[in-house]
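Chain residues, written in single-letter form:
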Amino acid sequence: MSELKYTPTQERAISQTLDINVSVSAGAGSGKTRVLVDRFVKILATERAQADEILAITFTRKAAKEMRERVRTTLLTMLEAAEGEKKLKWQQQLALLEKAQITTIDSFCHKVLRENPVECRMDPNFAVNQEFELDGFISDVIADFLTGKLEEQDSNVLLLLANYTPGQLSSMLFSLTEKLDEILEVDNLAAPYAARIQGEGELQAQALAAFEALVDAPDVSGAKTREDLAALKEQKPIFAQKLKDGAYQELGIYGKAVRATKKIKTQINDFRIVLEELNALALDKKALPVIEAWNAVLRTYRTSLRTAADKEEMYSFDTIAVKAVEVLEKYPEILRRYREKYKFIMVDEFQDTNRLQKNLVYLLAGGREDRLEGTRLFVVGDAKQSIYRFRGADVSVFKQVRDDIGAGGGENIVMADNFRSREAIIKTCNCLFQDLLTKDGTKDVTAQDLVPHREKGAKPIIYTVEVEKRGGTEGSLAEAMLAAKTIKATVSADKALSYSDVAILLPAIGLAGSFAGALGQLGIPYTILDGKGFYEKQENIDIINLLAFLLNNRKDYCLAGILRSPYFALPDSTITELFAAQANNTLWESLLASQ
C-alpha cells in the first residue's frame with residue numbers, strides 16, 4: 001500500500017472500520033481514490049476476503065479501469081516486498097484480481113441478467129438499445145396502449161381525455177416513462193388527496209371559528225375597521241352556507257373584506273390561512289378522480305410497456321437495472337449466491353446513484369431492499385458534486401444511506417482534507433459555499449469546509465481591463481493580450497517554468513481565437529485542447545483536405561492544400577503552373593499528365 005502517511009480520517013476509512021458499514025463524505029481533492037484502493041488491499045492483507053470476493057462499483061468504465069490498475073500496482077509492490085508464503089499469497093490475489101468485479105453498476109446488472117437468463121426471461125445475448133430506438137418504441141407503445149383502451153372504453157383513460165387532449169396525454173405518458181417505477185413506488189397516488197379530503201369537516205369548523213374570532217375581536221380602534229367588521233359579521237349566515245355547500249373558492253372575498261390593522265393582524269391572518277387551506281381542499285376534491293385515473297392508467301401502461309419491451313427485446317439501462325433487482329427479489333437462491341460470493345461491497349460516487357440502484361446495493365449488502373442490514377457496505381460520495389440529476393441521479397439517496405448506516409451502528413466519516421488546491425483557493429471556496437449551502441445536517445447537501453494541505457503559493461491576482469465601449473471584440477482582445485504579456489513575463493522571470501506549465505481557462509470557447517492570436521503575436525507556443533480551434537490547426541486542416549480529396553478527386557482546392565502542405569511541400573509557383581495547364585481537366589488529371 002501507499003507509503004505516504006494517512007490522515008486520521010483516511011486511516012479510519014482504510015483500516016479501522018472493516019467490520020462495519022461505512023459512508024465517506026469525501027471533499028474535492030481529499031484522496032478518495034487512494035482510500036478505495038488501499039481499503040481494497042487492506043481487506044486482502046487481513047484475509048477477510050479474496051480479490052474476487054469484493055464487489056467494487058464505480059460510476060464510469062474509465063474509473064473502474066483506473067481503480068483496477070491502481071490495485072494491481074499496489075499488489076505488485078506487495079509481491080516484490082514479500083517472501084515465502086506471503087509471496088505466494090500476493091501472487092494468488094494478483095491472479096484473482098483479473099476476475100474481480102471492479103465495474104459500473106450498469107455492467108454488474110448486465111452480469112446478473114446474463115448469468116440468470118431463464119429466471120429473467122431474457123436472451124443472454126441481449127443488448128441495450130440506442131436512445132432514438134427506445135424513443136420510437138415508447139411512442140409506438142403509447143399509441144397502441146391508448147388505442148386499445150379507447151376501444152375498450154376504459155373509464156380511466158376516458159376521464160383523462162376529458163381533461164387533456166390526446167396529444168397532451170401521449171406526451172405526458174412519454175415524459176413520465178423514465179420515472180415510472182419511482183413514481184409507482186407509492187401504493188396509491190391518490191391516497192394523500194383522499195386523506196386531506198377526510199379532514200374537510202374539521203377544516204370547516206376551523207374556518208367558522210376563525211370567522212367568529214375575527215368579527216368579535218375586542219378593542220378594535222378605528223371607525224373604518226369597526227364598520228368593516230360589523231358588515232362582515234352580517235355576512236355570517238351566507239358565509240356559513242357557502243362553507244356548508246363546499247363553495248370554498250367563493251370565500252376569498254371575505255378574507256379581503258377587512259384590512260389587517262395592527263390590533264387584529266393575528267385574527268385576520270389566521271382567517272386568511274384557513275381560507276387558503278379550504279381553497280386548496282377544493283382543488284384536491286376536483287383533482288381526486290383525475291389522480292385516481294392516473295394511478296390506474298400508469299400501472300396498466302407500465303405493464304403494457306414491460307410486456308412489449310420483453311416481446312420486442314427493447315431494453316434501456318434503467319430497464320436492465322429494474323430487471324436485475326426483480327430477479328434478486330423474486331429468487332432468494334440467486335440473491336443468496338451473490339451475497340455468498342461478495343463479502344465486501346464498495347461503491348464510489350454514491351451521490352450520483354438513484355433509488356433503484358440503492359435498492360440493488362441494499363439487496364446485495366443485507367438481503368433486503370427496504371432497509372440496510374449486514375456489515376459489508378462501504379460507500380464514498382460528495383453531495384456537493386452531484387451533477388447527474390438529468391440522468392436520474394438523486395442526491396437525497398446518499399443522505400438516506402448515510403442516515404441508515406449511522407442508525408445501524410455503522411460510521412459516517414468526513415474527509416475534509418484537501419491535497420489539490422492551495423490555501424487561498426480553499427479559503428475562498430469555503431467562504432463561498434457557506435453562503436450558498438446550509439450547515440443544517442438534516443439537508444441533502446450541506447456546506448463542508450475543506451482543510452488545505454498544500455504549501456502556500458502566490459495569491460491570486462485580479463486584473464481589470466478598461467475599454468471605451470462595452471461589448472464587441474475590444475474587451476476580449478485587450479484581455480487576451482494582457483494575459484499573453486503576463487504569461488511571457490512570468491515564464492521569462494522563472495527558469496523553472498515553461499509555457500507547457502501554463503493553462504488558460506475560458507468562459508466560452510468562442511474566445512479562444514482572440515487568445516490564440518495574442519499568444520501567436522508574442523511567439524508563445526500554445527495548444528487548444530477543445531473547441532473550434534482544434535479543427536483550425538494547420539495539421540488538422542491538411543488531414544481533412546487529404547481525406548476529402550481521397551473521397552472525391554475532383555476537389556481541386558483540397559488537392560492544392562495537400563500539395564503545398566509539409567506532406568509534399570510543392571511551391572506555390574508549381575501549383576499555379578498545374579492550374580494554368582489543366583484546361584478542362586481537374587488538378588489531379590493535370591498532375592497525372594505532367595508525369
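Everything here concerns the structure above.
I will try to describe carefully the structure that is included in this document.

Thresholds, definitions, all that
- Residues numbered from 1 in each chain as written.
- Predicted model: local features only at pLDDT ≥ 70, side-chain atom pairs only at ≥ 80, totals over all residues.
- Heavy atoms only, no water.
- Helix = DSSP H or I, 4+ residues; strand = E, 2+ residues; numbered from the N terminus.
- Buried < 20%, exposed > 50% of the residue type's maximum accessible area, 1.4 Å probe, protein only.
- Core = buried A, V, L, I, M, F, W, Y, C linked by side-chain atoms within 4.5 Å.
- Contact = heavy atoms within 4.5 Å.
- 1 Å grid on protein atoms, 1.4 Å probe; cavity = no way out; pocket = protein on both sides within 12 Å on 5 of 7 lines; lining within 4 Å.
- Points joined across faces, edges and corners; volume = space filled by probe spheres on them.

Notes on the environment of T60
When you line up the elements, T60 lands in the loop between β2 (54–58) and α3 (61–81). When the C-alpha positions of T60 and T104 are compared, they lie 5.9 Å apart, and in sequence the two are 44 residues distant.

Some details on unusual backbone geometry
Leaving glycine out, the prevailing phi sign among residues is negative, and the prevailing peptide bond configuration is trans. Although it is not a glycine, R121 adopts a positive phi angle of roughly 55°. Mapped onto the fold, R121 is located in the loop between α6 (117–120) and α7 (131–151). Classification of R121 by relative accessible area gives exposed; the value is 70%. Despite not being glycine, Q153 has its phi angle at roughly 55°, a positive value. Within the secondary structure, Q153 sits in the loop between α7 and α8 (155–163).

Focus on the nonpolar core
Most often, soluble globular proteins keep nonpolar side chains buried together rather than apart. In terms of nonpolar packing, the biggest core is built from 50 residues, with L173, F239, L251, F271, L278 and Y301 touching the most fellow members. Looking at this core element by element, the count peaks at 17 residues for helix α16 (residues 265–312). Residue contacts for L278: discarding those within four places in its chain leaves L203, A207, L243, Y248 and L251. In this structure, F108, M122, I334 and L363 belong to the second largest nonpolar core, which totals 39 residues.

Focus: the layout of surface pockets
Of the volumes computed, that of the second largest pocket is approximately 580 Å³. The wall of the second largest pocket is formed by 29 residues, among which K32, T33, D348, E349 and Q385 lie closest to the centre. Elements represented by at least two residues in the lining of the second largest pocket include exactly α2 (32–45), α3 and β5 (377–381).

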